[in-house]
Amino acid sequence: MSRILVVAAHPDDEILGAGATIRKHVNSGDAVECVILGEGLTSREKSRKGFDNELISELQYQTLKAAELIGFKNVHFSGFPDNRFDSVDLLEIVKEVEKYIQNFNPDIIYTHHYGDLNIDHRRTFEAVITATRPIGEYCVKEIYCFETPSSTEWNFKYGDNSFKPNVFVDVESTIDAKLKAMECYKLEIRDFPHPRSLKALEIIAARWGTVVGKRYAEAFELIRKVM
């Protein structure tokens, strides 16, 4: 049995990026937990002050409903300011990630891609890489970046920071679980052709499937693997 930790910036990123793969881990008997660093939603208003906290509670409720369908053992909420991670000392985010690594001792981490358009995603990656420094008896042996539809593909500064997947997971048996979990996110899901629509997510999985001769696949960029 492997221990898997997903470190995501916002509610729904954990489903968008790796939902079907995580369901496969669960089906194989692996233990999976998730840390969601940001509160979500509040960047859609001019100020965090006075934001309706009931919406944050509703979003967290939707997260937990989605987690049930995917099979997360636990989901942890850190509450960093939405789309404002650059206003927080990186060390503070690093220590938050370190806390869950120390508590859960994961073998594998899935997290955001370093080249995403969203600043919170990039800071999340930086925090994970810093928190998983290979010092002493470190537990994390594998780190994978996932793509996040409506962020990864929207960074048009092509080059070294573009998403370069080199690991593909056949998710034909679990794509339905991913789509059903995403349906729980009433506050985040969008209509096609938005990348966070159910149809778009299926198309994305089908597209990656064609790359490796499968009907549906999720794609990842391997950052580190110690064997």
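Residues numbered from 1 in each chain as written. Predicted model: local features only at pLDDT ≥ 70, side-chain atom pairs only at ≥ 80, totals over all residues. Heavy atoms only, no water.

**Q** Sorry, what's going on with the packing of aromatic side chains here?
**A** Two aromatic rings are characterised by how far apart their centres lie and by the angle between their planes. Counted according to the given criterion, the structure contains seven aromatic pairs. With a centroid separation of 5.4 Å and an interplanar angle of 20 degrees, the aromatic rings of Y110 and Y144 are classed as stacked. Taken as a pair, Y110 in strand β4 (residues 108-112) and Y144 in strand β5 (residues 142-146) lie far apart in primary sequence, 34 residues in all. For the pair Y110 and Y144, one class covers both residues: buried. On the basis of an interplanar angle of 70 degrees and a centroid distance of 6.5 Å, the ring pair of Y144 and F220 is categorised as edge-to-face. On the criterion of sequence distance, the pair formed by Y144 in strand β5 and F220 in strand β7 (residues 217-225) is long-range, its members being 76 residues apart. Residue Y144 is classed as buried on the basis of its relative accessible area of 8%. The buried category is assigned to F220, whose relative accessible area is 1%. Aromatic rings pair up to connect Y110, Y144 and F220 into one cluster. Directly above the aromatic system of Y138 lies the positively charged group of K141, at a separation of 5.4 Å from the ring centroid. It is R207 that lies over the ring of W208; its NZ or CZ is 4.1 Å from the centre. (Phe/Tyr/Trp six-rings, centres within 6.5 Å; stacked < 30°, edge-to-face > 60°. Helix = DSSP H or I, 4+ residues; strand = E, 2+ residues; numbered from the N terminus. Buried < 20%, exposed > 50% of the residue type's maximum accessible area, 1.4 Å probe, protein only. Lys NZ or Arg CZ within 6 Å of the ring centre and 35° of its normal.)

**Q** Would you mind showing me how to read helix α6 (residues 198-212) here?
**A** Since the α-helix packs 3.6 residues into each turn, any two residues three or four apart lie on the same face. With 15 residues, α6 should reach 21 Å at 1.5 Å per residue; the first-to-last C-alpha distance of 22 Å fits that figure. Along α6, the residues that are buried comprise A200, L201, A205, W208 and G209. Residues of α6 that are buried sit in contact with α1 (13-27), β6 (167-170), α5 (175-183) and β7. One or two residues past the end of α6 sits G213, with phi positive at roughly 75 degrees. (Expected span 1.5 Å × (residues − 1). Contact = heavy atoms within 4.5 Å.)

**Q** What exactly am I supposed to notice about the pairing of β7 here?
**A** Across five bridges, the pairing between β5 and β7 is antiparallel. Looking at the pairing, I143 lines up with R224 of β7. With four bridges connecting them, β6 and β7 associate as antiparallel partners. Within β7, the residue paired with V167 across the bridge is F220. (Pairing = 2+ DSSP bridges.)

**Q** I tried to follow the side chain of E39 on my own but got confused; where do I start?
**A** Within the fold, E39 resides in the loop between β2 (31-38) and α2 (53-70). A distance of 3.1 Å separates the side chain of E39 from the backbone nitrogen of D82, its partner in a polar contact. (Polar contact = N/O pair within 3.5 Å; in protein donor to acceptor, adjacent residues only side chain to side chain.)

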